[in-house]
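Letter by letter, the chains look like this.
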Amino acid sequence: MIDEQYVDSLYGEDADLMRAKQGIAAQGMPDISVADGYGRLLTMLVRMNGAKEALEVGALGGYSGICLARGLAEGGRLTSLELKAEYADLAKLHMTAAGLGEKVDYMIGDARESLARLKEAGRRFDFFFIDADKEGYPIYLNYAIALANPGAVIIGDNVLLRGRTTNLDKAGPAVQAVRAFNQQIADDPRLMSTVLPGYDGLAIAIVKSS
Ligand code: SAH
Ligand code: DHB
Ligand code: MG
């Protein structure tokens, strides 16, 4: 998209984020870090919310982790859920290179299990970034609502699935799950929300206080 390229071109290179992207490519990992423009938005939203406890579902190589941790209030922490230990190791390396390694804790394994453990432990969070397997999005959304402090922000990445969400010929499990996620984002009376259609789509919700 020419408009997305234009707004991206306004910004200079970011050394920490470039290092993460290069490390991801060098390991042969997929090039699916959050869009640059949405990474900047994550930092801003974490900062505006004054979040102290942030939770990320899907770490990959640490790109979004850097964006989230940059926005945290003093003493704030990021908990990052990642299926693959080698991905979490690389994410930690990139977070550390960015001076943010002390702010992050990784939980390895299926996020469904990590979320169940966090709930069991009575943990609460101010900010959620959902960006792992798309089939899990409805489950992750309901855990986020259950683990949310009042006023918490919940973000979902890739809610347009590169056109598959709106393609009526598509009805695979990931597409169905993301459609259900988007509809709940819009309809759930506990949430205030919007969905940004730029890049690959970003859902933004706030968990109402009352
Ligand atoms: N948030 C990252 C990109 C995440 S890509 C960024 O923007 O920088 C999706 C990640 O989710 C991959 O690292 C993948 O290993 C992880 N993942 C996939 N299924 C998962 C699951 N069931 N539980 C936890 N992580 C999962
Ligand atoms: C894709 C992009 C993502 O950001 C992601 O989390 C998963 C998949 C993709 O473009 O295929
Ligand atoms: Mg994504």
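Since the model is a prediction, treat every value here as computed from it, not as a measurement. (Residues numbered from 1 in each chain as written. Chains lettered and ligands numbered in written order. Predicted model: local features only at pLDDT ≥ 70, side-chain atom pairs only at ≥ 80, totals over all residues. Heavy atoms only, no water.)

What the seven strands build is an open sheet, ordered β3-β2-β1-β4-β5-β7-β6; its pairing is mixed. Both outer strands of the open sheet, β3 (104-108) and β6 (191-196), are each paired with one neighbouring strand and no more. Between one strand axis and the next, the sheet turns through 15° on average, direction left out of account. When strand β1 (residues 53-57) meets strand β2 (residues 77-82), the two strands line up parallel, connected through five bridges. Note on β2: the bridge partner recorded for V57 is L81. With respect to the sheet, helix α8 (residues 173-187) is in contact with β4 (125-130), β5 (148-157), β6 and β7 (202-207), its orientation differing from that of β6 by roughly 130°. (Pairing = 2+ DSSP bridges. Helix = DSSP H or I, 4+ residues; strand = E, 2+ residues; numbered from the N terminus. Axes fitted to C-alpha atoms, helices over the stretch in contact; angles between N-to-C directions. Contact = heavy atoms within 4.5 Å.)

Here we come to the site of ligand 2. Residues in close proximity to ligand 2 include I32, D131, K134, D157, N158 and R162, which together make up its full environment. In the model, an oxygen atom of ligand 2 is placed 2.8 Å from a nitrogen or oxygen of the D131 side chain. Alone, ligand 2 offers 290 Å² of accessible surface; in the complex the protein occludes 74% of this. Split by residue class, the shell around ligand 2 holds one nonpolar, one polar and four charged. (Near = heavy atom within 4 Å. Polar contact = N/O pair within 3.5 Å; in protein donor to acceptor, adjacent residues only side chain to side chain. Areas by Shrake-Rupley, 256 points an atom, 1.4 Å probe, with all protein chains shown as cover. Nonpolar A, V, L, I, M, F, W, Y, C, P; charged D, E, K, R; others polar.)

This part takes up the coordination of the magnesium ion (ligand 3). Coordination of the magnesium ion (ligand 3) by the protein is provided by D131 (OD), D157 (OD) and N158 (OD1), with metal-donor distances spanning 2.0 to 2.2 Å. Sequence spacing of the donor residues for the magnesium ion (ligand 3), all on one chain, is D-x25-D-N. In this pair, D131 sits in the loop between β4 and α7 (137-147) while D157 sits in strand β5, placing the two residues 26 residues apart along the sequence. Exposure remark for D157: the relative accessible area of 3% places this residue in the buried category. (Donors = N, O, S within 2.8 Å, 3.2 Å for Na, K, Ca; no water. Buried < 20%, exposed > 50% of the residue type's maximum accessible area, 1.4 Å probe, protein only.)

This part takes up the site of ligand 1. Around ligand 1, the structure places 20 residues, and the nearest of them are V34, G58, S64, E82 and D131. The side chain of Y140 places a nitrogen or oxygen atom 3.5 Å from a nitrogen atom of ligand 1. Contact with the protein chains removes 91% of the 580 Å² of surface that ligand 1 exposes when unbound. Sorting the residues of the shell around ligand 1 by element identifies α4 (63-71) and α6 (111-120) as the ones contributing at least two each. Its residues placed into classes, the shell around ligand 1 shows eleven nonpolar, four polar and five charged.

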